Amino acid sequence: MKLTLINSEKHLSFYTADTLSSVPLPFSGPVSAGFPSPAEEYTELSLDLNQSLIKNPSSTFYARVKGHSMIDAGIKEGDILIIDKSLEPGNGKKAVCYIDGEFTLKTIKKEKNKLWLMPANETYQPIEIKEENDFTIWGIVTYVIHKM
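All of the points below concern the structure found in this document. (Residues numbered from 1 in each chain as written. Predicted model: local features only at pLDDT ≥ 70, side-chain atom pairs only at ≥ 80, totals over all residues. Heavy atoms only, no water.)

Some details on the overall build of the protein chain
Here's step 1: For the protein chain, the helix and strand inventory stands at one helix and eleven strands.
Here's step 2: Listing the helices and strands of the protein chain from first to last along the sequence gives β-β-β-β-α-β-β-β-β-β-β-β.
Here's step 3: Partitioning the contacts of the protein chain with sequence separation of at least 6, the portion at a separation of at least 24 is 56%.
Here's step 4: Of the roughly 9,800 Å² of accessible surface on the protein chain, a fraction of 54% belongs to carbon and sulfur atoms. (Helix = DSSP H or I, 4+ residues; strand = E, 2+ residues; numbered from the N terminus. Contact = heavy atoms within 4.5 Å. Areas by Shrake-Rupley, 256 points an atom, 1.4 Å probe, with all protein chains shown as cover.)

Some points on the pairing of strand E5 (residues 60-65)
Here's step 1: With five of its six residues buried, E5 lies for the most part within the structure.
Here's step 2: Sheet topology note: the E5/strand E6 (residues 80-84) ladder contains five bridges and is antiparallel. Its bridge partner lying in E6, Tyr62 is registered against Ile82. (Buried < 20%, exposed > 50% of the residue type's maximum accessible area, 1.4 Å probe, protein only. Pairing = 2+ DSSP bridges.)

Focus: the side chain of Ser59
Here's step 1: On the secondary structure map, Ser59 appears in the loop between helix H1 (49-53) and E5.
Here's step 2: Take Ser59: its relative accessible area is 13%, and that puts it in the buried class.
Here's step 3: When residues no more than four places from it in sequence are discounted, the contact partners of Ser59 are Ile83, Asp84, Lys85 and Ser86.

Considerations on the side chain of Asp79
Here's step 1: With respect to the element layout, Asp79 can be found in the loop between E5 and E6.
Here's step 2: A distance of 2.7 Å separates the side chain of Asp79 from the backbone nitrogen of Lys76, its partner in a polar contact.
Here's step 3: Once you skip the residues sitting within four places of it in the chain, Asp79 turns out to touch Ala63, Arg64, Val65, Gly74, Val144, Ile145 and His146. (Polar contact = N/O pair within 3.5 Å; in protein donor to acceptor, adjacent residues only side chain to side chain.)

Thoughts on the pattern of salt bridges
Here's step 1: Considering all chains together, one arrives at two salt bridges under this definition.
Here's step 2: Close ionic contact of Lys109 with Glu111 constitutes a salt bridge, the shortest N to O distance being 3.6 Å.
Here's step 3: You can call Lys109 partly exposed: its relative accessible area is 34%.
Here's step 4: Its relative accessible area of 35% is what places Glu111 among the partly exposed residues.
Here's step 5: Here Glu128 ties to Lys114 by a salt bridge, and the two come within 3.9 Å at their closest N and O atoms. With a gap of 14 residues between them, Glu128 in strand E10 (residues 127-129) and Lys114 in strand E9 (residues 114-118) connect regions that are remote in the sequence. (Salt bridge = Lys/Arg side-chain N within 4 Å of Asp/Glu carboxyl O.)

What to know about a negative patch on the surface
Here's step 1: On the surface, a cluster of negative charge is made up of Asp100, Glu102, Glu131, Glu132 and Asp134.
Here's step 2: You can see Asp134 is positioned in the loop between E10 and strand E11 (135-145).
Here's step 3: Looking at Asp134, the relative accessible area reads 46%, which means it is partly exposed. (Patch = residues over 30% accessible without salt bridge, like charges linked within 9 Å, V, L, I, M, F, W, Y side chains within 5 Å. Lys, Arg positive; Asp, Glu negative; His and termini not counted. Charge placed at Lys NZ, Arg CZ, Asp CG, Glu CD.)

Points about the pairing of E11
Here's step 1: Bridge count for E6 against E11 is five bridges, and the pairing is antiparallel. The residue of E11 that forms the bridge with Leu81 is Val144.
Here's step 2: One ladder, built from five bridges, connects strand E7 (residues 94-99) with E11; its direction is antiparallel. Directly across from Cys97, in E11, lies its bridge partner Ile137.

Right under this line is the structure:
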């Protein structure tokens, strides 16, 4: 899958993807994460990550994470985010937000009449969104891809 860099910011670099191409990869049946199970009949299947991970191609973008504010949520520097701009933001969702000239990745927290952007690292402070902020929720993170 070819990625095209469209913008690089302090905390995220944004890419578009060539979702018209198909890249079928070999895919085997279930792998037990508990007790080993007897070998089952081997069935070769194929998996296309474009089709599996991208539901709305025209509104989906990738970003590479810079920084450590979401490390306790399992999101590390260098991880790739799949972001869908067509999804509705909601409490508890991971979102790429634009605030006062910068992009950031945080968890949305709605509380009465307040909106917070919550980090997942105790060394970072929550960000309260106020009327004077230049703010928009740019997109919702649907998948995080990282190396083990």
